[in-house]
Amino acid sequence: VHLVESGGGLVQPGGSLRLSCAASGFTFSSYAMSWYRQAPGKERELVAGISGAGGSTNYADSVKGRFTISRDNAKNTVYLQMNTLIAEDTAVYYCYARRFNYIHWGQGTQVTVSS
């Protein structure tokens, strides 16, 4: 099982980034997918989640209206479009897959919002 995140980097406040998470080794469409993040000195927190078929999404209050989670089951990939980024969005972002008790994590990608 592999979850490989990409798309992180350094961006100025107000900018945008799109994270991708490419999955392999499991039946992707059967898993709910989420993005978590962890800032220095803070606990890991849920950012956004999406159901297996993509019909249901949820977001942390802090990112509602700015971030959009989506998935392409034909490409085994989940995305996180991040707009209007602020300094508080700086963190390592992790891809997470879950189906019942089966859980998989990616290795994370760094997002830094700074001028």
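Right above here is the structure, for reference.
Source: prediction; values computed, not measured.

Thoughts on the sheet that holds strand 8 (residues 77-82)
Then comes step 1: If you walk across this open sheet you meet the four strands as 1-3-8-7, and the pairing is antiparallel. Strands at the two margins of the open sheet, each flanked by one partner only, are strand 1 (2-6) and strand 7 (67-72). Taking each pair of neighbouring strands and ignoring which way they run, the sheet shows an average axis angle of 15°.
Then comes step 2: In the sheet, strand 7 pairs with strand 8 via six bridges, with the strands oriented antiparallel. Counted as the bridge partner of Ser70 is Tyr79 from strand 8.

A closer look at the layout of surface pockets
Then comes step 1: In this structure, the largest pocket encloses a volume near 150 Å³.
Then comes step 2: Lining the largest pocket we find Arg37, Gln38, Ala39, Lys42, Glu43, Glu45, Glu88, Thr90 and Ala91.
Then comes step 3: Here the residues of the lining of the largest pocket are counted per class, giving two nonpolar, two polar and five charged.

Procedures and definitions
- Residues numbered from 1 in each chain as written.
- Predicted model: local features only at pLDDT ≥ 70, side-chain atom pairs only at ≥ 80, totals over all residues.
- Heavy atoms only, no water.
- Pairing = 2+ DSSP bridges.
- Helix = DSSP H or I, 4+ residues; strand = E, 2+ residues; numbered from the N terminus.
- Axes fitted to C-alpha atoms, helices over the stretch in contact; angles between N-to-C directions.
- 1 Å grid on protein atoms, 1.4 Å probe; cavity = no way out; pocket = protein on both sides within 12 Å on 5 of 7 lines; lining within 4 Å.
- Points joined across faces, edges and corners; volume = space filled by probe spheres on them.
- Nonpolar A, V, L, I, M, F, W, Y, C, P; charged D, E, K, R; others polar.

None of the figures reported here should be taken as evidence of function without further support.
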